[in-house]
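# Descriptive structure summary
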Amino acid sequence: MGYSAWQIIREGLTGNRGWKPVWRDPAPKSEYDIVIIGGGGHGLSTAHYLAREHGLTNVAVLEKGYIGGGNVGRNTTIVRANYFLPGNSEFYSHSLKLWEGLEQDLNYNVMMSQRGIINLFHSDGQRDAFARRGNAMINQGDDAELLDPAAVRRLLPILNFDNPRFPIYGGLLHRRGGTARHDAVAWGFARSADRQGVDLIQNCEVTGIDIENGRVTGVQTTRGAIRAKKVGIVVAGRSGQVAAMAGMRLPIESHVLQAFVTEGLKPCIDHVISFGMGHFYISQSDKGGLVFGGDLDFYASYAQRGNLPMAEHVMEAAMTLMPMIGKAKLLRSWGGIMDMTPDGSPIIDKTGIDGLYLDCGWCYGGFKAVPASGFAFAHLIAQDRPHDTAARFRLDRFRTGAGLMDEEGTGAQHNLH
Ligand SMILES: Cc1cc2nc3c(=O)[nH]c(=O)nc-3n(C[C@H](O)[C@H](O)[C@H](O)COP(=O)(O)OP(=O)(O)OC[C@H]3O[C@@H](n4cnc5c(N)ncnc54)[C@H](O)[C@@H]3O)c2cc1C
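None of the values given here were measured: they were computed from a predicted structure.

So, how was this worked out
- Residues numbered from 1 in each chain as written.
- Predicted model: local features only at pLDDT ≥ 70, side-chain atom pairs only at ≥ 80, totals over all residues.
- Heavy atoms only, no water.
- Helix = DSSP H or I, 4+ residues; strand = E, 2+ residues; numbered from the N terminus.
- Expected span 1.5 Å × (residues − 1).
- Buried < 20%, exposed > 50% of the residue type's maximum accessible area, 1.4 Å probe, protein only.
- Arc of directions from axis to C-beta.
- Contact = heavy atoms within 4.5 Å.
- Near = heavy atom within 4 Å.
- Polar contact = N/O pair within 3.5 Å; in protein donor to acceptor, adjacent residues only side chain to side chain.
- Nonpolar A, V, L, I, M, F, W, Y, C, P; charged D, E, K, R; others polar.
- Phe/Tyr/Trp six-rings, centres within 6.5 Å; stacked < 30°, edge-to-face > 60°.
- Salt bridge = Lys/Arg side-chain N within 4 Å of Asp/Glu carboxyl O.
- Axes fitted to C-alpha atoms, helices over the stretch in contact; angles between N-to-C directions.
- Parallel < 35°, antiparallel > 145°, perpendicular 65-115°, else oblique.
- Left-handed = near helix turned anticlockwise from the far one by under 90°.

For the rest of this paragraph, the subject is helix H9 (residues 308–321). For H9, with 14 residues, the first-to-last C-alpha span of 20 Å sits near the 20 Å given by 1.5 Å per residue. All buried positions along H9 are accounted for by Met310, Ala311, Val314, Ala317, Ala318 and Leu321. The buried side chains of H9 occupy one side of the element, clustering within an arc of 125 degrees when seen end-on. For H9, exposure combined with an orientation more than 90 degrees from the buried face picks out Leu308, Pro309 and Glu312. Looking at the packing, one finds that the buried side of H9 touches strand S4 (117–121), strand S12 (253–264), strand S13 (272–275), strand S14 (280–284) and strand S15 (289–300).

See the structure below:
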């Protein structure tokens, strides 16, 4: 069923009895052309673009839990194209353009809100680094403005400007950045893939990958064996475990990232604010909650929840930047499993096994990548060659060392992210 203003009025007047389930609940077939493992944002957008761009619809997405239960429904919803390094910047620039047309493309309200992102800086060195980043963004065709302290104060009067621990020297404003509603993104892609004929199979865990003579032939699942000519692994924090089913050891560590939300408040933060010096960022949701987070918990884990020391660290950073937050009540906190690569950049590539493809390594920034990752991964699976925007996301860069993209400037060590 298509969504429109007319549909809402009609359903409102007739007791909302006409709405249909948003996607089917099919039983798995014994064979597909393509099986996508993982029904998160990236798996669902891959399925959407396989159908939309390449006409491939004999496709199943296998999800061990429910659609939207992974990181795609756990992130803090920030969407941006403020990357610095070649390889990343063209990819995220493409992703933001896809975001800007996504609601029309999916016929689904993903609550895209381009409210602007401000990265604060607190030293001359940081200002120079952000000026360089801004120039790289403009050269890529995206927007960036360097703000002086007075301009930051006009836009963000709630911050602590009077004798703070880290004086605010200014900010880099990226106006086209912002937020989108995370689970609506999952539901919108799921609905679109389903409507185009893709089978979305929930409660179906992949437990093995079948390989014969160096070629993938299908998967074993908790709902039986499924044959497939091509298989894509898109399981975020579980990438290492699923790749191990095909005998692969990935350059990935899984770490927990936490997030927090306060009770609903009247509008007080109009932008997304990033406070790198304190490992802290914040925005305000449409319901009024202040949504914020910090850094990884710094130990490898598959638990979807974090620990108190990091919660304390994030609260301290929040109080340093904006003491007014001390009056708000914290409502909830949660965690998700991040698939961390050593250089902080993702992998979209073929594997050494024919017909087996890999999309992973999104670290703590894969939500904004959902459209472009699906677009590029669908292109790779359909055409057996990388899409131009993702050509540098190669798996072998970690073996050869050539082509590493150290976007975070932390070196090739997971625990320094
Ligand atoms: C607290 C937090 C805040 C974040 N904030 C941001 C942000 O503001 N901006 C941003 O860009 N990114 C952010 N991220 C990162 C982003 O959420 C992830 O990088 C991205 O969602 C990962 O891709 P995904 O959506 O496909 O993952 P997921 O939704 O985790 O999808 C993977 C799916 O694979 C399934 N799966 C795993 N193993 C199997 C199996 N064996 N068989 C079948 N299915 C399987 C899982 O159940 C899961 O549903 C944040 C993450 C967290 C946790």
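There is more to say, and it comes next.
What follows concerns the site of the ligand. Among the 37 residues in the neighbourhood of the ligand, the closest are listed as Glu63, Asn71, Val72, Thr76 and Lys368. Here an oxygen atom of the ligand sits 2.8 Å away from a polar atom, N or O, in the main chain of Lys368. Mapped onto the shell around the ligand, the elements with two or more residues apiece are helix H2 (41–54), S12 and strand S16 (330–340). It is S12 that contributes the most residues to the shell around the ligand, three residues altogether. In terms of residue class, the shell around the ligand is made up of 18 nonpolar, 13 polar and six charged.

Moving on, we come to the packing of aromatic side chains. Applying the stated criterion across every chain yields a total of 14 aromatic pairs. When the centroid spacing of 5.0 Å and the interplanar angle of 90 degrees are considered together, the rings of Phe91 and Tyr92 count as edge-to-face. Tyr92 carries the same exposure label as Phe91, and that label is buried. Centroid distance Trp362 to Phe393: 6.4 Å. Interplanar angle 90 degrees. Geometry classified as edge-to-face. One end of the pair, Trp362, is in the loop between strand S18 (356–360) and helix H10 (370–383); the other, Phe393, is in the loop between H10 and helix H11 (397–400), with 31 residues separating them in the sequence.

Moving on to the pattern of salt bridges. What the rule picks out here adds up to 17 salt bridges. In this structure, Glu31 engages Arg227 in a salt bridge whose closest nitrogen and oxygen atoms are separated by 3.2 Å. Taken together, the residues span a long stretch of sequence, with Glu31 in strand S1 (residues 31–37) and Arg227 in strand S11 (residues 224–233) at a distance of 196 residues. For Arg227, a relative accessible area of 47% gives the class partly exposed.

Turning next to the packing of H2 against H10. Where H2 contacts H10, the axes come no closer than 7 Å and their chain directions differ by 55 degrees. In terms of orientation, H2 and H10 fall into the oblique class. Judged by the twist between their axes, the crossing of H2 over H10 is right-handed. Listed contacts from H10 to Gly41, His42, Ser45, Thr46, Tyr49, Leu50, Glu53 and His54 of H2 are Val370, Pro371, Ser373, Gly374, Phe375, Phe377, Ala378, His379, Ile381, Ala382 and Gln383. Each residue belonging to the contact of H2 with H10 can be placed in one class, and the counts come to nine nonpolar, nine polar and one charged.

Positive phi values are uncommon outside glycine, yet Asn107 reaches one of about 50 degrees. Mapped onto the elements, Asn107 comes out in the loop between helix H4 (102–106) and S4. One non-glycine residue with positive phi stands out, namely Ala236, at about 50 degrees. On the basis of relative accessibility, which here comes to 25%, the residue Ala236 falls in the partly exposed class.

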